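Read off the chains here:
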Amino acid sequence: DIQIVDTRVQEEYAIEHIPAAVNLPVENTFDVHGNRSRIASLDKIRRTFGDLGLKKSSHIVVYDDGQLKDASHVFWVMETYGHKPVSVLEGGIVAWKNSNLKLSKSMPSITQSIYTPNIIPRSLSTLLTTRLAIENEHVAIVDSRSKDEYDGKYSKAKNKGHIPKAINIPRDLNLLPTDGTFKLKTKE
């Protein structure tokens, strides 16, 4: 039982999407005020996922425009709210198209479900747990933003720079710039 979730904006989804995919724009997984720094509430996730007919018993496959940013965020939200298994389609819709696989403009028939999320605390860091992590030599904090954001030269956040002790591993270093697929270590 696999369910496919397209995390792009509704306008892009309407043009073409993977057959049977439902549309869950990544913005719908943030808090009610559109604050991209906060995850949606338990109640909002329950309603949103239920309205899409998602089932806790299904394997969910999420995809985006191929950059993996939005699909990875929805993957994390689903794991944080206790959904397993969930996977990200590497390369997103771009990889799907490049493989000459079928696309659709048809909206799938959705039967609402009763979706009961439960929070998995280890998947969600709070201000307190982050402060404790700074002081714990056995915990690593990874900042996956660009080097310029990490260094404080640029920021979408209110404060520039990075959390003390955080190491910078920019997400783009792990992706091929051509199609957003993961770089694989080659055999020497």
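Residues numbered from 1 in each chain as written. Predicted model: local features only at pLDDT ≥ 70, side-chain atom pairs only at ≥ 80, totals over all residues. Heavy atoms only, no water.

Undergrad: Which residues make up the overall build of the chain, and what values go with them?
TA: Looking only at helices and strands, the chain features six helices and six strands. Starting at the N terminus and ending at the C terminus, the chain contains elements arranged as β-α-β-α-β-α-β-α-α-β-α-β. In summary, the chain has a C-alpha radius of gyration of 18 Å against a globular reference of 16 Å for 188 residues, a match within 12%. Projected onto its principal axes, the C-alpha positions of the chain cover 50 × 45 × 30 Å. Taken over 188 residues, the chain has a buried fraction of 35%. Once local pairs closer than 6 in sequence are excluded, the contacts in the chain between residues at least 24 apart make up 64%. Surface summary for the chain: the accessible area is close to 11,900 Å², and the carbon and sulfur share equals 56%. Averaging the locations of the 26 positively and 23 negatively charged side chains of the chain gives two centres separated by 2 Å. (Helix = DSSP H or I, 4+ residues; strand = E, 2+ residues; numbered from the N terminus. Rg over C-alpha atoms; globule rule 2.2 N^0.38 Å. Buried < 20%, exposed > 50% of the residue type's maximum accessible area, 1.4 Å probe, protein only. Contact = heavy atoms within 4.5 Å. Areas by Shrake-Rupley, 256 points an atom, 1.4 Å probe, with all protein chains shown as cover. Lys, Arg positive; Asp, Glu negative; His and termini not counted. Charge placed at Lys NZ, Arg CZ, Asp CG, Glu CD.)

Undergrad: Outline the packing of aromatic side chains, listing residues and values.
TA: In this structure the tally under the stated criterion is one aromatic pair. Ring geometry for F49 versus Y115: centroids 5.1 Å apart, planes at 85 degrees, classification edge-to-face. Residue F49 is found in helix α2 (residues 42-51), and its partner Y115 is found in the loop between α4 (92-98) and α5 (127-135); the two are separated by 66 residues along the sequence. Like F49, the residue Y115 is buried in the burial classification. (Phe/Tyr/Trp six-rings, centres within 6.5 Å; stacked < 30°, edge-to-face > 60°.)

Undergrad: Any chance you could break down unusual backbone geometry for me, citing the residues and the numbers?
TA: Here the bond from K84 into P85 is cis, since omega is -5 degrees, no more than 30 degrees from zero. If you trace the backbone, P85 turns up in the loop between α3 (69-80) and β4 (86-88). The phi dihedral of A20 is positive, around 75 degrees, even though this residue is not glycine. Here A20 lies in the loop between α1 (10-15) and β2 (22-23). What makes A20 exposed here is its relative accessible area of 57%. Positive phi is not limited to glycine here, since L68 has a value of about 70 degrees.

Undergrad: Go over the sheet that holds strand β1 (residues 2-6) with me, naming the residues and quoting the values.
TA: The four strands lie next to each other as β2-β1-β3-β4, forming an open sheet whose pairing is parallel. The outermost strands of the open sheet, each flanked by one partner alone, are β2 and β4. Where β1 and β2 come together, two bridges link them in parallel fashion. By the bridge assignment, V5 is partnered in β2 with V22. α3 contacts β3 (59-63) and β4 of the sheet and is inclined by roughly 170 degrees relative to β4. (Pairing = 2+ DSSP bridges. Axes fitted to C-alpha atoms, helices over the stretch in contact; angles between N-to-C directions.)

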